[in-house]
Amino acid sequence: MPRYDLVILGGTVVLPGLGPVKMDVGVREGRIAALAESLAASDGGEVLDARGRHLLPGAVDSHFHVGIYRPHSEDARSESASAVSGGVTTILSYFRTGQHYLNKSGPYREIFPEVLAFSEGSFFSDYGYHIAPMTTAQLDEIPWLVEQGVPSFKYYMFYKALTLSADSTRGKDYAMADEYDLGHLYEIMVRVAEAARARKTRVSLSLHCENPELIRAFIARVKKQGSTGLRAYSEARPPLTERLSIHEAAVLATDTGCPVNLLHLSSAQAIEAGVEVRRRHPGHDMLLETTLHHLCLDHENTAGLTAKVNPPIRTRADQDVLWRHVLGGEIDTVVSDHACCMEEMKKGDTWTALPGFGGSSLLYPVLLSEGVRKRGLSLARAVELASTNPARRYGLFPRKGAIAVGSDADLALVDLEATRTVEAKGLHSAQDHTPFAGMSLTGWPVATVLRGRVVFRDGALQGPASGRFLKRPLA
Ligand SMILES: [Zn+2]
C-alpha cells in the first residue's frame, strides 16, 4: 500500500511568505500530509511529475459573479471550469437579490437555499458566497447568514435609491430595494460589526465604491460632448466618484467598527484614497483589492465595449500607479471580478452594453507574467495576493491559501516559461470573446489539483464537478 494517495515529485514549491523551495509533496485524503526533500514514486498511488515546474497554492478568486447574466448552474459549471483551468481552486462569488441573478427579491432564508441547490454539483472548484443585503427586511438576516457560512457581505454605493444608476434604470428598481441609501449602508455596517464581535471572527462588508450623484452629472456632460467608447465611459464615471465613495465608506466604517473590503480599486485616485483612509485609521480592518483587468487593460490600447466594466477601465498612468501599490505591498488581493457576459450582451452603445466580463483563468498568468516576470514581483508575493491573503481575510486559512501539512491539497502546477497568446477559446469559459485577446503572457498553469484530485491537466478538465460549498470560517 502506498503511503500517499498522490505524490508530486521534483517541483519547486512556492511557500507563501518564504518563496520557492525544492520539495516533494505527499497528499493523503485530500490534505497535504508531507512536504519532504525527497519522496519516491512508489510512495504514491498516483504520481504527478513536477520537474521544471512550480507548485503554487491554488488561487482563491474572492471576487466572482456566478449566475449574474446566465442560469446559475450552467454558469457555475462553465465559469468554474474556466477558473480551474487557470489554477483557481476556490471561488467566492457575490450574490444579491434584484435584477439579473435570479431576478427576484425576497428573504435570503428562502433564496439562499435555492442558490446552494443550484450550486450543488455544478462547481469544478470549491466555492463560497458573499451576500448583499438589498432590502430593509434582509438586514435582520445578517446573523442567520453568518451562521450559514457567509461571513462577508456587500453594498453597492452606486445603486443608491432614487438616483440613476449607470445603466440608466432607476437604482431602486434595479436593486428591488426600498431604502438603498447611506442610511441602509449604515444599518448593514452596524449589524456586520455586531456579528464580528459576537462571532470573534472576521465578518466584513465589501464595498463597490462609486458615487451615483456624480456619475449622473458626468454622464450628462459626456453625452453632451457626444463622446462614446471605453474612454468616454471612464470619463462618465471618473476616478473622483471612487475617491468620494471611499472617503464616505471609511467615515461610516470607522464610526461603526465595521471591517471593510474596498473592492476593485481601478484608478490612482481610488488606490491613493484607500491608502490614505487606512493610514488615518491604522487599527481599522480595511482590505484593498484590485483586479487583473485594471492592472493590464487601459482605454488607450483596448478598443471596444467588450471591456466595459464598473468601475471602468482607466488610463495607462492609472495602471502604473496600481502596479506600484501592488509592488509596494499596499494592495492586499488581486481578483478577477469574473462575470460571464456574452458578446451579444455587449452590443448596443456605450451606455446600454452590459458591464463585466470573465478573467478568472488569467489571474495567475497575469500576476506571473506582468507582475513577476516584467515588474519584479516576488513569487511569494504573487501567491499572497491571489491565494493566501484572500484565504486569510475571508475565513479560509489555513485550510486554503497555504502549502502546509494539514492544508487542503489545492495546488496549481505552473510552467513559468510557457508563453501563450490569450484567445477566448483557450480560456475554457462559455464567454465567446475576451477583452484580454492578443495579450502574450508567460507563466501558465499546466495542472490543477483540488483536494488531492487532479481536476485539470493537459488542457482538459478531469472528472466530474466535485467542488464543495465552503461554510466559512473553515474549521
Ligand atoms: Zn464585482
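Above this note sits the structure.
Small disclaimer: the values here were computed from a predicted structure and weren't measured.

Two numbers describe a pair of packed helices, the interaxial angle and the distance between the axes. At a minimum axis separation of 8 Å, helix H10 (residues 268–280) and helix H12 (residues 316–327) run at an interaxial angle of 30°. With respect to their mutual orientation, H10 and H12 come out roughly parallel. Residues Ala-268, Ile-271, Glu-272 and Val-275 of H10 lie in contact with H12, whose contacting residues are Asp-318, Val-321, Leu-322 and His-325. Grouping the amino acids of the contact of H10 with H12 by side-chain chemistry returns five nonpolar, one polar and two charged.

A separate point is the side chain of Ser-125. Structurally, Ser-125 is set in the loop between helix H2 (108–119) and strand S8 (126–132). On the accessibility criterion, Ser-125 (0% relative accessible area) is buried. Residues contacting Ser-125, with those up to four places away along its chain left out, are Ser-80, Val-84, Val-88, Thr-89, Thr-90, Ile-91, Leu-450, Gly-467 and Arg-468.

Coordination of the zinc ion by the protein involves His-63 (NE2), His-65 (NE2) and Asp-337 (OD), with metal-donor separations of 2.0 to 2.2 Å. Spacing between the donor residues of the zinc ion along the chain follows H-x1-H-x271-D. The same class applies to His-63 and to His-65, which are both buried.

The buried fraction of S8 is high, at seven of seven residues. Both faces of S8 are covered, namely the face carrying Asp-126, Gly-128, His-130 and Ala-132 and the face carrying Tyr-127, Tyr-129 and Ile-131. In this structure, strand S7 (residues 88–96) lies alongside S8, joined through seven bridges in parallel fashion. Looking at the pairing, Arg-96 lines up with Ala-132 of S8. Between the parallel pair S7 and S8, the chain is carried across by H2, and the sense of this crossover is right-handed.

Calculation notes
The numbering scheme is per chain: residues are counted from 1 as the chain's sequence reads. Since the coordinates come from a predicted model, pLDDT governs what is reported: local features require at least 70, and pairs of side-chain atoms require 80 or more to be given and counted, while whole-chain, interface and lining totals use all residues. As a rule here, side-chain values come from all non-hydrogen atoms in the structure, and water together with hydrogens is ignored. Note on method: axes are straight lines fitted to C-alpha atoms, helices fitted across the in-contact stretch only, with angles between N-to-C directions ranging 0 to 180 degrees. Working definition: helices are DSSP H or I runs of at least four residues, strands are E runs of at least two. Numbering for both runs from the N terminus. Orientation categories follow fixed angle ranges, with anything under 35 degrees roughly parallel, anything over 145 roughly antiparallel, 65 to 115 roughly perpendicular, and all other angles oblique. Between two residues, a contact is recorded if the distance between any of their heavy atoms is within 4.5 Å. Following the grouping adopted for this structure description, the nonpolar residues are Ala, Val, Leu, Ile, Met, Phe, Trp, Tyr, Cys and Pro, the charged ones are Asp, Glu, Lys and Arg, and the polar ones are all others, Gly among them. Residue exposure (1.4 Å probe, protein chains only): buried if accessible area is under 20% of the type maximum, exposed if over 50%, otherwise partly exposed. Only nitrogen, oxygen and sulfur atoms qualify as donors, provided they sit within 2.8 Å of the metal or within 3.2 Å for Na, K and Ca; with water excluded from the atoms, sites may seem incomplete. Pairing between strands is defined by DSSP: at least two bridges between them are needed. Here the term right-handed applies to a crossover when the path leading from its first strand over the helix to its second strand runs clockwise, the strands being oriented away from the viewer.

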